[in-house]
Amino acid sequence: MILVTGAGGNVGSELTGILARGGHPVRALVRTPRPLPDGVEGVTGDLNEPASLKPALAGVRAVFLLGGYEDMPGALAVMRDAGVEQVTLLSSRSVVGGHADNAVAGMHMAAEAAVRASKLAWTFLRPSGFMSNSLRWVPQLRAGDVVREPFANVPVATIDPYDIAAVAAESLTTPGHEGLAYAITGPGSLRPADRLRVLSELLGRELRLEPLSDAEARVTMSAEMPEKYVDAFFRFFAEGEFDDSAVTGAVQDLTGREPRPFATWARTHLAAFH
């Protein structure tokens, strides 16, 4: 049995489907009951409350784990005591050369450290920025044809969450991934205007990107997330602390196929933009 935490998220929802279609016993950890793919068992629990995980862990061999929770060591101890042998952790490329005092990089660094200390077999997935972050544009596109975006000149080798899930499935169901960290990206590095151009063609609309100034970006982002994360992203992309533009071949190496381009992700999720 494989337990998928964050089963309602961009990666977890793809992973539960991949595992179920592959015939693997899979259980989805959810905070509240929700529809799940055929063959997927849903169990409620909260990674912030390690004791709540015990019912979900019965018979579980491996866990797909999200980081950033309040008591990662406690949650991992509950997993180990329940007989879990292996963890695949969703981390971030920002940990490589990252600074622990950056709230985003530090969160992922702490999660990796907790997993290493747990004595469980582990694999770290360190993806680039998600293609699904483009869904943040939906309210603006419903209101008009202009998208205003921070850090508009920053290229990112964005990855389809489906490809992260495909690599996760490999790591959870085939041997040889223990103790390894994979930097995984999409097939090319795109700026926001490049992504918007793809959506413009698919939607048949004349869409236009307007860069936000750093001052405007800070106001907009502060309305959406705590200040420590706003500061982290400014350190990444305004001050150049993190370069998320380099493309790796890890998805092809691990799955045997090229990672999906942005146009494929966009076509798959196009209904969300209407």
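Remember, predicted model here, so these are calculated numbers, not experimental data. (Residues numbered from 1 in each chain as written. Predicted model: local features only at pLDDT ≥ 70, side-chain atom pairs only at ≥ 80, totals over all residues. Heavy atoms only, no water.)

1. Considerations on the side chain of Arg126
Inspection of the secondary structure assignment puts Arg126 in strand β6 (residues 121-127). Its relative accessible area of 14% is what places Arg126 among the buried residues. Among the polar contacts listed, one links the side chain of Arg126 to the side chain of Glu112, at a separation of 2.8 Å. What Arg126 contacts, discounting residues up to four positions off in sequence, is Ser91, Ser92, Arg93, Val95, Val96, Glu112, Arg116, Ala181, Tyr182, Ala183 and Ile184. (Helix = DSSP H or I, 4+ residues; strand = E, 2+ residues; numbered from the N terminus. Buried < 20%, exposed > 50% of the residue type's maximum accessible area, 1.4 Å probe, protein only. Polar contact = N/O pair within 3.5 Å; in protein donor to acceptor, adjacent residues only side chain to side chain. Contact = heavy atoms within 4.5 Å.)

2. Thoughts on the nonpolar core
Core analysis: the biggest nonpolar cluster contains 31 residues, and Leu15, Phe64, Leu90, Leu125, Ile164 and Ile184 have the highest contact counts within it. Elements with a contribution of two residues or more to this core: β1 (2-4), α1 (10-21), β2 (26-30), β4 (62-66), α5 (161-173), β8 (180-184) and α9 (250-255). If you tally residues by element for this core, the top one is α5, at eight residues. If sequence neighbours within four positions are ignored, Ile184 has contacts with Leu125, Arg126, Pro127, Ser128, Ile159, Ile164, Val167, Thr248, Ala250 and Val251. Grouped together as the second largest cluster of nonpolar side chains are 24 residues, Leu57, Leu65, Ala75 and Leu89 included. (Core = buried A, V, L, I, M, F, W, Y, C linked by side-chain atoms within 4.5 Å.)

3. Digging into unusual backbone geometry
In the Ramachandran plot, Lys119 falls in the positive-phi region, its phi being about 70° despite a non-glycine side chain. Residue position: Lys119 is located in the loop between α3 (103-117) and β6. Taking the relative accessible area as the measure of exposure, Lys119 reaches 73% and is therefore exposed. If you check the backbone angles, Phe151 has positive phi at about 50° while not being a glycine. Along the polypeptide, Phe151 turns up in the loop between β7 (146-149) and α5.

4. Some details on the pattern of salt bridges
A complete count under the given rule lists 16 salt bridges for this structure. Residue Asp101 pairs with Arg235 through a salt bridge whose shortest N-O separation is 2.9 Å. Here Asp101, found in the loop between β5 (86-90) and α3, pairs with Arg235, found in helix α8 (residues 227-237); they are 134 residues apart in sequence, far enough to count as distant. The class of Arg235 is buried, set by a relative accessible area of 18%. (Salt bridge = Lys/Arg side-chain N within 4 Å of Asp/Glu carboxyl O.)

5. Overview of the confidence of the model for the protein chain
Across the protein chain, the average pLDDT comes to 94, with 100% of residues at 70 or higher. Per-element mean pLDDT across the protein chain ranges from 90 in strand β3 (residues 40-44) up to 98 in β6. (pLDDT = per-residue confidence, 0-100.)

6. Quick notes on the sheet that holds β6
With parallel pairing, seven strands are arranged side by side in an open sheet as β3-β2-β1-β4-β5-β6-β8. Only two strands of the sheet have a single neighbouring strand rather than two, namely β3 and β8. Averaged over all pairs of adjacent strands, the angle between strand axes in this sheet comes to 20°, irrespective of strand direction. The strands touched by helix α2 (residues 72-81) are β4 and β5; relative to β4, the strand with the most contacts, the crossing angle is about 170°. (Pairing = 2+ DSSP bridges. Axes fitted to C-alpha atoms, helices over the stretch in contact; angles between N-to-C directions.)

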